[in-house]
Amino acid sequence: MRGRPRLTQAARQVLAQDRRVLGRLISAVENRDPKVIPTLRALYPRTGRARVIGIAGPLGVGKSSLLNGLLAHLRAAGRTVGVVAVDPSSPFTGGSVLGDRIRLEREPGDPGVFIRSMASRGHLGGIAAATLEVTRLLDAFGMDFVLVETVGSGQVDVEVREVASTAVVVLVPHLGDEVQTLKAGLFEIADVFCVNKSDLPGADLAAKDLRELISLARSTGGWTPRILTASARDGVGIAELWAAIEAHERFLDEAGTRAATERRRLSAEIVGLVTERVGHDLAESLRRDPRLSNLLDRVLSREVDPHSAVEQILRAGPRRPIRVP
Ligand SMILES: Nc1nc2c(ncn2[C@@H]2O[C@H](COP(=O)(O)OP(=O)(O)OP(=O)(O)O)[C@@H](O)[C@H]2O)c(=O)[nH]1
Ligand SMILES: [Mg+2]
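Remember, predicted model here, so these are calculated numbers, not experimental data.

Q: Tell me about the overall build of the chain, and please be specific about residues and values.
A: On a plain count of helices and strands, the chain comes out with 13 helices and seven strands. Looking at the chain as a whole, 36% of its 325 residues are labelled buried. Long-range contacts, defined as pairs at least 24 residues apart, comprise 74% of the intrachain contacts of the chain with a sequence gap of at least 6.

Given below as structure tokens:
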């Protein structure tokens, strides 16, 4: 075990709550700029304190509206909050276009809030990898909570599980199609279900349907998902939603599963990073190494099949020894 990595200038600025530097670092993470890695390394030992809460669910169910409500609730209680909205569909825009999408209201200049949108642009390591780094930056910056909204894609919603310790799945009355979505994966990720728009008819019925569905499902690790209704529009049910989130966070601590979950998450992250790095290095070698280029020619001419080529490449071993810093 080596000592703590030296603080970079940018790391020091984040710890001193420099918002401009924080924003710059988030962009660098989003762009997968390797120059940010020394800062991420330096900050890692100072993270692990913030609780990350995921808000997932189909398009337009009121995720951002609920997030607004939670934000106000937490600020009123004096807690600091970082918000990350992940949009899988939009191309990189420097995070401006999404501003409309999250429609978050906040006190301008409130130092206890930092809001950021992220485009995912098909990161090799997945959206989870970049989002995880961003939540860590917000953690190091000193936020008590980081709320992550994922926007309208089942796959991304599932990835929120890799980032958040508590996942809220938001639905609306008249579940119909959403029940199908649930079967496709949302169901497994939810620690808390929130049927929003309870000002519309059918919310209680939807909650009842969910309750039945859940009673059929296996309970995972001793936690039975909470189901509640809310109307973000009318500010109804927000405190209860937060109480359910807190209950799950408490459960993680009391059941002793937080560390195990965190360990699994880190394992997935490291495997993802290794895959990204090895894939990148290999692609480089394939471009540069004449032997590999020769191998490719033989695959092209059907002399060697792709699977045998993989075997040959793996047998040749890594081009560069793996160094553990
Ligand atoms: N009636 C009613 N409408 C609501 C409620 N909450 C949100 N809405 C409306 O639903 C629409 C979508 O709300 P958002 O909060 O943007 O929903 P979202 O899930 O974040 O949407 P995307 O990020 O685009 O997937 C808006 O027109 C809101 O005004 C609610 O409790 N009741
Ligand atoms: Mg939204």
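Q: Could you give me a rundown of helix H2 (residues 19–30), with the residues and numbers involved?
A: Side chains that are three or four residues apart share a direction in an α-helix, a result of its 3.6 residues per turn. Taking 1.5 Å per residue as the helical rise, H2 with its 12 residues ought to reach 16 Å, and the 16 Å between its terminal C-alpha atoms agrees with that figure. Every buried residue of H2 is listed here: Leu22, Leu25, Ile26, Val29 and Glu30. Buried residues of H2, viewed axially, fall in a sector of 140°; they line one side. Just past H2, the residue Arg32 takes up positive phi, approximately 55°.

Q: Outline the pairing of strand E4 (residues 145–150), supporting the account with residue identities and numerical values.
A: Buried residues dominate E4, accounting for six of its six residues. Judged by which residues are buried, E4 turns out to be covered on both faces: Phe145, Leu147 and Glu149 on one side and Val146, Val148 and Thr150 on the other are all buried. Pairing analysis gives five bridges linking strand E1 (residues 51–56) to E4, with the strands arranged parallel. Directly across from Arg51, in E4, lies its bridge partner Phe145. Two strands pair when backbone bridges link them, and strand E2 (residues 81–87) and E4 are joined in this way by six bridges, in the parallel orientation. Within E4, the position partnered with Gly82 by the bridge is Val146.

Q: Lay out the confidence of the model for the chain in plain terms, naming residues and giving numbers.
A: On average, residues of the chain score 84 in pLDDT, and 81% of them are at 70 or above. Note that pLDDT drops below 50 for residues 90–101; the model gives that stretch 19 contacts with residues more than four away or on any other chain. Here residues 320–325 is a poorly scored stretch, pLDDT under 50, and it has one contact once near neighbours within four places are set aside; other chains count.

Q: With reference to specific residues and values, describe the sheet that holds E1.
A: Within a beta sheet, neighbouring strands are joined by backbone hydrogen bonds and run either parallel or antiparallel to one another. The parallel open sheet is built from seven strands, whose spatial order is E3-E2-E4-E1-E5-E6-E7. Both outer strands of the open sheet, strand E3 (113–119) and strand E7 (226–229), are each paired with one neighbouring strand and no more. The mean inter-strand angle of the sheet, taken between neighbouring strand axes irrespective of direction, is 20°. Inspection of the sheet shows strand E5 (residues 166–171) paired to strand E6 (residues 192–195) by four bridges, in the parallel sense. Bridge pairing in E6 links Leu171 to Val195. Helix-sheet contacts for helix H4 (residues 63–76) involve E1, E2, E3, E4, E5 and E6, and the interaxial angle to E4 is about 170°.

Q: I'd love a proper account of unusual backbone geometry, names of residues and values included.
A: Notably, Gln17 is not glycine yet its phi reads approximately 60°, a positive angle. By the element assignment, Gln17 lies in the loop between helix H1 (9–15) and H2. Overall, Gln17 belongs to the partly exposed group, with 15 C-beta atoms counted inside 10 Å. Unusually for a residue other than glycine, Lys197 sits at a positive phi of about 65°. In this fold, Lys197 is placed in the loop between E6 and helix H9 (203–216).

Q: Talk me through the environment of Ala255; I want residue IDs and the actual numbers.
A: Its location among the elements puts Ala255 in the loop between helix H10 (238–254) and helix H11 (258–288). Using a count of 12 C-beta atoms within 10 Å as the deciding quantity, one classes Ala255 as exposed. With 33 residues separating them in the primary sequence, Ala255 and Gly222 have C-alpha atoms 8.4 Å apart.

Q: Just give me the short version of the pairing of E6, but keep the residues and values in it.
A: On E6, burial covers both faces: Val192 and Cys194 on one face and Phe193 and Val195 on the other are all buried. Where E6 meets E7, four bridges bridge the pair, whose relative direction is parallel. Within E7, the residue paired with Val192 across the bridge is Arg226.

Q: Outline the nonpolar core, supporting the account with residue identities and numerical values.
A: Residues Leu137, Leu147, Val148 and Val169 are the most contacted members of the largest nonpolar core, which totals 70 residues. At nine residues, the largest contribution of residues to this core is made by helix H6 (residues 126–141). With near-sequence residues (within four places) excluded, Val148 lies in contact with Val52, Gly54, Ile55, Val84, Val86, Thr131, Thr135, Val160, Val163 and Ala164.

Q: Summarise the packing of H4 against H10; cite the residues concerned and give the values.
A: Two numbers describe how H4 lies on H10: the axes approach to 9 Å, and their chain directions differ by 80°. Between H4 and H10, the angle is such that the two are roughly perpendicular. Across the interface between the two elements, Leu66, Gly69, Leu70 and His73 of H4 pack against Ile238, Ala239, Leu241 and Trp242 of H10. The residue makeup of the contact of H4 with H10, split by class, is six nonpolar, two polar and no charged.

Rules used in this analysis
- Residues numbered from 1 in each chain as written.
- Chains lettered and ligands numbered in written order.
- Predicted model: local features only at pLDDT ≥ 70, side-chain atom pairs only at ≥ 80, totals over all residues.
- Helix = DSSP H or I, 4+ residues; strand = E, 2+ residues; numbered from the N terminus.
- Buried ≥ 20, exposed ≤ 12 C-beta atoms within 10 Å, placed from the backbone.
- Contact = placed C-beta atoms within 7 Å.
- Expected span 1.5 Å × (residues − 1).
- Arc of directions from axis to C-beta.
- Pairing = 2+ DSSP bridges.
- pLDDT = per-residue confidence, 0-100.
- Axes fitted to C-alpha atoms, helices over the stretch in contact; angles between N-to-C directions.
- Core = buried A, V, L, I, M, F, W, Y, C linked by C-beta atoms within 7 Å.
- Parallel < 35°, antiparallel > 145°, perpendicular 65-115°, else oblique.
- Nonpolar A, V, L, I, M, F, W, Y, C, P; charged D, E, K, R; others polar.

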